[in-house]
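The primary structure of each chain is shown beneath.
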Amino acid sequence: MMNEHLRAFPSPARGERKALHALATLFLSILFLVLPALSARAMEIQSVTSPKGVTAWLVEDYSVPVVAIRLVFGGGSTQDPPGKEGLANLMTGLFDEGAGTLDSEAFQIRLDDAGAEMSFEETRDGIYGSMRMLAEQRDEAFDLLRLAVNEPRFDQAPIDRIRAQVLSGIIANENDPDTVAQNRWARAVYGDHPYSRSDQGTRQSVAAITQADLKALHKAVFARGGLHVAVVGAIDAETLKKKLDMVFGDLPPNQALAPVGDIEPRLAQHIEVNYDLPQTSLQLAWPGVKRTSPDFFPAALMNEILGGGTFTSRLFQEVREKRGLAYSVNSSLVNQDHADALIVTTGTRSDRAAETLGIVRDVVKRLAEDGPTEAELAATKKYLIGAYAINNLDSSSSIAATLVELQLDDLGIDYMQRRSGYINAVTLDQVKAAAKKLLTAEPTIMVVGPPLAGAGKG
């Protein structure tokens, strides 16, 4: 869950905050629009280590007086105990609902006064936090982040209020076809693995979560050993060292995480989630490739040629351009800490769903058997190299997020300089081998819509 409060000015009345939060968001957004120029030139990334041993990657930029910080603690919803699913999700909604000596109201007023934005969210594998602040008020903003990270109060009134919001969403989603389908998909593909569970939890599991559960998860996850940090903006290395120690230096050295095993997604399944809908959604899964594998870049190029989101991909050309069967169709390599997969998704008119599925499978089959052409590979290399800055470095917040992900993947601080070389070194034979290895498996297929008649193997 991402429970975000956007604040910029003192606000004595809670009812006035919506307009003020909108102004804060607009103000900071205008400032951040200046920062894409940062990615157009050589970007210097510094590794900064504080006296207490907290390390962050820093990109200094003084074009606007703003600082963005992105952080992650390893863990996430995989650490929810059985019967307490949704615990990490609920916890992330409470970090700005009181910390230290400040109750919810006092904390949010202080955040208003600091002119800062703060949010937390969980994924399966991590607890992420973000903060954007005006440089001239960074002392106050960093102090609030320190309180949220080290001393969240988890008071009962905010727990009950945020729990009610979560439960409302769960109840609303019980009849939502997409949510029902994704829950079915996760159980089918991941079995009893923690990845099969809903991050939001169930009515029963969320209702069972206590204050003690929240405190125990915070204690287990929030430790320096599982922390990665990136900072972008108007702050120098020496100042950042002091802030790192202030915010993170007193955390325990090591996490106390429950072990989570690796899992291969279960393939060769056909899942139908029947609803009387005018449009049918299709989702297919093939084997993936680990981010650290030597086959990753050949697989990434192959995926881009298949359906990686460009207008020239084979799936886009065959499904949309030639036949007009779908507005969008794409494929993606999904890398998680404990599982990897290649996923294809699209949606089409229900009376043409079987036809669309057959075309998707035929495109995949032909790529697996014949591989791409030299021209396709050359164009895809050029696109992947050129699009990286646009997709990953278009604002200070996205730069900080990218730097955190590079740390998580252990790719090295000079990865951006090395990346083009990795891509250009990939040969046509390597891409053909990746296509044959990943795409010849029988996929798991999920159909969300009316019963699908005549769905062949393709």
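For clarity, every value in this text was computed on a predicted model and none was experimentally measured.

**Student:** Got a minute to help me understand the overall build of the chain in this structure?
**Tutor:** Looking only at helices and strands, the chain features 16 helices and twelve strands. Out of the 458 residues in the chain, the part that is buried amounts to 52%. A separation threshold of at least 6 residues defines the contact pool for the chain, and within that pool the share at least 24 residues apart is 81%.

**Student:** How should helix α12 (residues 353-370) be read in this particular structure?
**Tutor:** Given 3.6 residues per turn, any residue in an α-helix points the same way as the ones three and four places further on. With 18 residues, α12 should reach 26 Å at 1.5 Å per residue; the first-to-last C-alpha distance of 26 Å fits that figure. Ala353, Thr356, Leu357, Ile359, Val360, Arg361, Val363, Val364, Leu367 and Ala368 are the residues of α12 that are buried.

**Student:** What should I look at first to understand the sheet that holds strand β12 (residues 444-449) in this one?
**Tutor:** Backbone-to-backbone hydrogen bonds pair the strands of a sheet. The strands run either parallel or antiparallel. Spatial strand order, β8-β12-β9-β11-β10: five strands in an open sheet with mixed pairing. The strands lining the two open edges of the sheet, one partner per strand, are β8 (270-274) and β10 (329-335). Pairwise comparison of adjacent strand axes, ignoring direction, gives a mean angle of 15° for this sheet. The pairing of β8 with β12 spans five bridges and is classified as parallel.

**Student:** Quick question: what am I supposed to make of the confidence of the model for the chain here?
**Tutor:** Low pLDDT means the predicted atomic positions in that stretch should not be read closely. Residues of the chain with pLDDT of at least 70 account for 90%, and the chain-wide mean is 91. pLDDT under 50 marks residues 1-41. Its contacts with residues more than four places away, or in other chains, come to 97 contacts.

**Student:** What should I look at first to understand the packing of helix α11 (residues 314-321) against α12 in this one?
**Tutor:** The description of two packed helices rests on the angle between their axes and on the distance between the axes. Where α11 contacts α12, the two axes come as close as 10 Å, and the packing angle between them is 150°. Regarding the angle of α11 to α12, the classification is roughly antiparallel. Between α11 and α12 the crossing geometry is right-handed. Residue-level contacts link Arg314, Leu315, Glu318 and Val319 of α11 to Thr356, Ile359, Val360, Val363, Arg366 and Leu367 of α12.

**Student:** Which parts of the structure should I look at to understand helix α5 (residues 156-173)?
**Tutor:** End to end, α5 covers 25 Å across 18 residues, agreeing with the expected 26 Å (1.5 Å per residue, within 8%). Buried residues in α5 make contact with α2 (87-92), α3 (104-114), α7 (203-208) and α8 (211-221).

**Student:** Would you take a moment to explain the environment of Arg146 for this structure?
**Tutor:** Relative to the elements of secondary structure, Arg146 occurs in helix α4 (residues 138-150). For Arg146, the residues in contact, after removing those within four places along its chain, are Glu151, Met246 and Val247.

**Student:** Before we go on, may I ask you to explain the side chain of Arg132 in this structure?
**Tutor:** Here Arg132 is to be found in strand β6 (residues 126-134). A distance of 2.7 Å separates polar atoms of two side chains, one belonging to Arg132 and the other to Glu117.

**Student:** What's the story with the nonpolar core in this structure? I'm lost.
**Tutor:** Burial of nonpolar side chains together is a common tendency in soluble globular proteins. Counting residues in each nonpolar core, the largest one holds 58 residues, and the members touching the most others are Leu306, Leu403 and Leu439. Examining the composition of this core, we find that eight residues originate from one element, α12, more than from any other. Grouped together as the second largest cluster of nonpolar side chains are 56 residues, Ala114, Leu145, Ala148 and Val149 included.

**Student:** For this particular structure, what's the right way to read the pairing of strand β9 (residues 279-287)?
**Tutor:** Pairing geometry for β9 and strand β11 (residues 340-349), over nine bridges, is antiparallel. Note that in β11 the partner of Leu284 across the bridge is Val344. Bridge analysis of β9 against β12 gives five bridges, and the strand direction is antiparallel. Residue pairing for β12: Leu282 is matched across the bridge by Val447.

**Student:** How should the pattern of salt bridges be read in this particular structure?
**Tutor:** Throughout the structure, instances matching the rule amount to 25 salt bridges. Between Glu85 and Arg197 there is a salt bridge, and its shortest N-O distance comes to 3.7 Å. Of the two residues, Glu85 sits in the loop between β4 (66-74) and α2 while Arg197 sits in the loop between α6 (177-190) and α7, which places them 112 residues apart along the sequence. For Glu85, a relative accessible area of 17% gives the class buried. In this structure, Asp351 engages Arg349 in a salt bridge whose closest nitrogen and oxygen atoms are separated by 2.7 Å.

**Student:** How should I be thinking about the pairing of strand β3 (residues 55-60) in this particular structure?
**Tutor:** Every regular strand shows the same layout, with side chains that alternate between the two sheet faces. In the sheet, strand β2 (residues 46-49) pairs with β3 via four bridges, with the strands oriented antiparallel. Bridge pairing in β3 links Gln46 to Leu58. Two successive antiparallel strands, β2 and β3, enclose a turn made up of five residues, where Gly53 displays a positive phi of approximately 90°. Here β3 runs beside strand β7 (residues 227-233); their pairing, made up of four bridges, is parallel. Bridge pairing links Trp57 to Ala230 in β7.

**Student:** Help me out: how do you make sense of unusual backbone geometry in this one?
**Tutor:** Trans peptide bonds make up most of the peptide bonds, and negative phi angles are found at most residues other than glycine. A positive phi angle is found at Phe154, which is not glycine, with a value near 50°. Tracing the chain through its elements places Phe154 in the loop between α4 and α5.

Conventions used here
- Residues numbered from 1 in each chain as written.
- Predicted model: local features only at pLDDT ≥ 70, side-chain atom pairs only at ≥ 80, totals over all residues.
- Heavy atoms only, no water.
- Helix = DSSP H or I, 4+ residues; strand = E, 2+ residues; numbered from the N terminus.
- Buried < 20%, exposed > 50% of the residue type's maximum accessible area, 1.4 Å probe, protein only.
- Contact = heavy atoms within 4.5 Å.
- Expected span 1.5 Å × (residues − 1).
- Pairing = 2+ DSSP bridges.
- Axes fitted to C-alpha atoms, helices over the stretch in contact; angles between N-to-C directions.
- pLDDT = per-residue confidence, 0-100.
- Parallel < 35°, antiparallel > 145°, perpendicular 65-115°, else oblique.
- Left-handed = near helix turned anticlockwise from the far one by under 90°.
- Polar contact = N/O pair within 3.5 Å; in protein donor to acceptor, adjacent residues only side chain to side chain.
- Core = buried A, V, L, I, M, F, W, Y, C linked by side-chain atoms within 4.5 Å.
- Salt bridge = Lys/Arg side-chain N within 4 Å of Asp/Glu carboxyl O.

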